[in-house]
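# Structural overview for review
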Amino acid sequence: MWCGKALSKALGATAPLCSRDSGKMTAPQVIRIPRRMQERLDNLKQVRRTRNHRVNTIRPGKLLIMSKNPQLNQSAAYTLGKFEQPVLASKGWKHKKSFGDYFTINSTQELPPFVTHCCPDQPGDKDKKHSVTFKSLKLSPEIVELLQCDNIVHPTTVQMQAIPRLLRGHNLLCAAETGSGKTLSYLLPVIQKLKEERKMPELRDIEPHVHCVVLVPSRELAEQVASVAKAFGGPFGLKVKVVGGGRGVGNIKLAFTSGPPDILVATPGALSKALQRRCLDMSELSFLIIDEADTMFDPSFADLVERILAYAQVASNPSETIGPGAKAQLAVVGATFPRGVGEVLSQVTDLGSMVVIKSQMLHFIMPHVKQMFLKVKAADKLLELHKVLKTARGGMGILVFCNGSATVNWLGYNLEDLGVRHLRLQGQMPASMRAGIFQAFQKGLVDVLVCTDIASRGLDTQRVQLVINYDFPMSHADYIHRAGRVGRAGGSSGGAVLSFVTHPWDVELVQVIEIAARRRTNLPGMETAIREPTPRLDSDKHL
Ligand SMILES: Nc1ncnc2c1ncn2[C@@H]1O[C@H](COP(=O)(O)OP(=O)(O)OP(=O)(O)O)[C@@H](O)[C@H]1O
């Protein structure tokens, strides 16, 4: 409180507030407080009032945010308003004293949002959603049967939208959450169309050529996509081949010695070499798929992809995809679209010709996966990791992500010393060493895989129950992809992500994640409009 004496001192006033000299009362002196100062005082009071006014985010029931300090918890029944200022559990995390602090974003639902058949929105929807099967998407009974053998009966939301559009010949830009079944959403229409083409007598005499090229960023992902294509295309006589980098040109040529495959899954480097050596002709392509769009259009690949696209003749409407001289359908697929992808894409293709599919939960914090954040000193991370790995249930797949290859190696040696069985996967390993590592982990031969972001893009990890960010990812897109290795379609529920938070720049990313979780909004800084022109609406809009 400002007292009269302090105020007069602050004003530099030397005269007493009122004077009573020799018992004689004079009129009280009026002290004028400068307006500027009065305004500052008012502002200060206002700030103090708002600071003390903490929004009560706790309601009875389940917690969404569980913090070390229970006052900072937030109930699942409460959503922080757009203009409400949250008091974050990670608030003081840039300070040294915060080491040992933690908070958790609890899962609020058991099933992923892209699984529709078990969780009808409204009671009336129940029968409608149950009735959506792959058969109702106009896939052939043989394909539907193959899917059923794999226990895949009901399409995910992205499959419900993408499959009919691709079957009708549209170009597609498909942005949907990690693990939502994007691979089948493009492979099934491709397989169905190629299968139908084979039956056409007028096409029998045409020289064999590659019909579909799928571009992916890593050889592990190429192997994975190819194995899905073989499983569903093989029974119809479709030939599938992989060309990946790091194995020399001889190996690339080998993929074409027994004639061109129907479906070629390739990394950009290897495909570009194959094109330069005229191993394939892309001008006769029927489908060009670009998976993991954000990686493919980031500066490390964008030029290469642009050059590859120039070899293909991309159709600008469905009518150009049929008949003699048919052009290729283009599908660009991804789980994150950082800002700017739209512009890069528009340089290589006519965005106006593409139908855009964007899932509702794109770039959101996954509501079906528990996510824990622990503020820890860099020197203590190994100890913390060892504690977690020691207590983990046997047989459960665990991915440990590091930001660099050197850390993967260093951590690997230390885990070896501590007697933790594990495999390592990083991009600087020679291709021969890398081969088979991910499959060995997928098969369950080893439970722990220490890796870089090479394993965060697209790899299907049904058996993974825990993702550990030993190093906190460098961007929100990387966080989304790493976290997306758990809670995938057709996988078991109850996966979790544990992140070690060490540096001030990690804290900044964590705070944005915490705010998005508390507000239940998407992570900022990602492409939300995907492209400039307004999305084209066709008759499938109701799907
Ligand atoms: N309709 C479905 N029902 C059940 N399981 C499915 C369905 N569709 C796909 N799957 C399974 O879900 C898993 C994830 O699929 P996929 O790898 O295609 O996801 P994705 O969206 O490409 O993920 P990412 O963004 O990580 O690349 C796979 O194991 C796949 O077999």
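Conventions used here
Residues numbered from 1 in each chain as written. Predicted model: local features only at pLDDT ≥ 70, side-chain atom pairs only at ≥ 80, totals over all residues. Helix = DSSP H or I, 4+ residues; strand = E, 2+ residues; numbered from the N terminus. Buried ≥ 20, exposed ≤ 12 C-beta atoms within 10 Å, placed from the backbone. Contact = placed C-beta atoms within 7 Å. Near = placed C-beta within 6 Å. Nonpolar A, V, L, I, M, F, W, Y, C, P; charged D, E, K, R; others polar. Domains from an automatic or database assignment. Pairing = 2+ DSSP bridges. Axes fitted to C-alpha atoms, helices over the stretch in contact; angles between N-to-C directions. Parallel < 35°, antiparallel > 145°, perpendicular 65-115°, else oblique. Left-handed = near helix turned anticlockwise from the far one by under 90°. pLDDT = per-residue confidence, 0-100. Core = buried A, V, L, I, M, F, W, Y, C linked by C-beta atoms within 7 Å.

### Quick notes on the overall build of the protein
Assigned secondary structure in the protein consists of 18 helices and 18 strands. Per-residue burial for the protein yields a buried fraction of 41% across its 543 residues. Contacts in the protein between residues at least 24 apart in sequence constitute 74% of all its contacts with a sequence separation of at least 6.

### Structural notes on the site of the ligand
Neighbouring residues of the ligand: 20 residues in total, closest Gly181, Lys182, Thr183, Ala489 and Gly490. Per-element accounting of the shell around the ligand gives the leading share, three residues, to helix H6 (residues 182-198). Of the residues that constitute the shell around the ligand, the class distribution is five nonpolar, 12 polar and three charged. A domain split of the shell around the ligand shows at least three residues from each of domain 1 (63-112 + 365-519) and domain 2 (136-358).

### Some points on the pairing of strand E7 (residues 212-215)
Where burial is concerned, the two faces of E7 agree: the one with Cys212 and Val214 and the one with Val213 and Leu215 are both buried. Pairing of E7 with strand E9 (residues 263-266), which is carried by four bridges, proceeds in the parallel orientation. Bridging across to E9, Val214 finds its partner in Val265. Note that E7 and strand E10 (residues 287-290) share four bridges and pair parallel. What sits directly across from Val213, in E10, is Leu288.

### Thoughts on the packing of helix H9 (residues 268-276) against helix H11 (residues 299-311)
The interhelical angle for the contact between H9 and H11, taken along N-to-C directions, is 40°, at an axis separation of 10 Å. Considering the angle they form, H9 stands oblique to H11. Between H9 and H11 the crossing geometry is left-handed. Taken together, the residues of H11 that come into contact with H9 (itself represented by Pro268, Gly269, Leu271, Ser272 and Leu275) are Phe301, Leu304, Val305, Arg307, Ile308 and Tyr311. Its residues assigned to classes, the contact of H9 with H11 comprises eight nonpolar, two polar and one charged.

### Focus on the confidence of the model for the protein
Averaged over every residue, the pLDDT of the protein is 85; the share at 70 or more is 85%. The element-level mean pLDDT for the protein is lowest in helix H1 (residues 4-10), coming to 46, with strand E18 (residues 496-501) highest at 98. With pLDDT under 50 throughout, residues 119-129 is counted as low confidence; its partners more than four residues away or in other chains account for six contacts. Within the model, pLDDT remains below 50 along residues 532-543, and this stretch shows 11 contacts once partners closer than five positions in the same chain are excluded. Under the prediction, the complex receives an ipTM of 0.99, its pTM being 0.84.

### A closer look at the domain arrangement of the protein
In terms of domain boundaries, the protein breaks down into domain 1 (63-112 + 365-519) and domain 2 (136-358). Domain 1 and domain 2 are separated by 31 Å when their C-alpha centres are compared. Tallying the contact residues gives 17 residues for domain 1 and 22 residues for domain 2. Of the residues forming the side of domain 1 that touches domain 2, the biggest block, three residues, is contributed by helix H17 (residues 476-483). For the side of domain 1 that touches domain 2, a count of residues per class yields nine nonpolar, five polar and three charged.

### Here's the deal with the nonpolar core
Residues Cys174, Val213, Leu215, Val265, Ile289, Leu399 and Ile468 are the most contacted members of the largest nonpolar core, which totals 132 residues. Each of domain 1 (63-112 + 365-519) and domain 2 (136-358) gives at least three residues to this core. Leu399 has contacts with Leu449, Cys451, Ala455, Thr461, Val464, Val467, Ile468 and Arg485, leaving out every residue within four places of it along the chain.

### Quick notes on the sheet that holds strand E13 (residues 370-375)
A sheet is described by the order of its strands in space; here nine strands give the open sequence E4-E3-E5-E13-E18-E17-E14-E16-E15, paired in mixed fashion. Both outer strands of the open sheet, strand E4 (74-75) and strand E15 (423-425), are each paired with one neighbouring strand and no more. In this fold helix H14 (residues 405-417) packs onto E15 and strand E16 (448-451), with an angle of close to 150° to the strand it touches most, E16.

### A word on the environment of Val510
Note on placement: Val510 falls in helix H18 (residues 504-519). Of the residues examined, Val510 has 21 C-beta atoms within 10 Å and is grouped as buried. For Val510 and Ser499, which are 11 residues apart along the polypeptide, the C-alpha to C-alpha distance reads 9.4 Å. Look past the residues within four positions of Val510 in its chain and what remains in contact with it is Ser90, Trp93, Phe373 and Val501.

### So, unusual backbone geometry
Outside of glycine, negative phi angles account for most residues, and trans bonds account for most peptide bonds. Backbone geometry places Lys138, a non-glycine residue, at a positive phi of 70°. Its place among the elements puts Lys138 in the loop between helix H3 (126-130) and helix H4 (141-149). Phi is positive for Glu292, close to 55°, though the residue is something other than glycine. Checked against the element boundaries, Glu292 lands in the loop between E10 and helix H10 (293-296).

### A closer look at the environment of Leu385
Examined against the element boundaries, Leu385 turns out to sit in helix H13 (residues 381-391). Overall, Leu385 belongs to the buried group, with 24 C-beta atoms counted inside 10 Å. Each C-alpha atom, one on Leu385 and one on Val242, is 36 Å from the other, the two residues being 143 residues apart in sequence. Leave out the neighbours within four places in its chain, and Leu385 touches Val400, Ile468 and Tyr470.

### Considering the sheet that holds E10
Pairing is parallel across the open sheet formed by seven strands, whose spatial order is E8-E9-E7-E10-E11-E6-E12. One side of each edge strand has no neighbouring strand; the edge strands of this open sheet are strand E8 (240-243) and strand E12 (354-358). In this sheet, adjacent strand axes meet at a mean angle of 15° when their direction is disregarded. H6 rests against strand E6 (171-175), E7, E9, E10 and strand E11 (329-334) of the sheet, and its axis sits at about 165° to E11.

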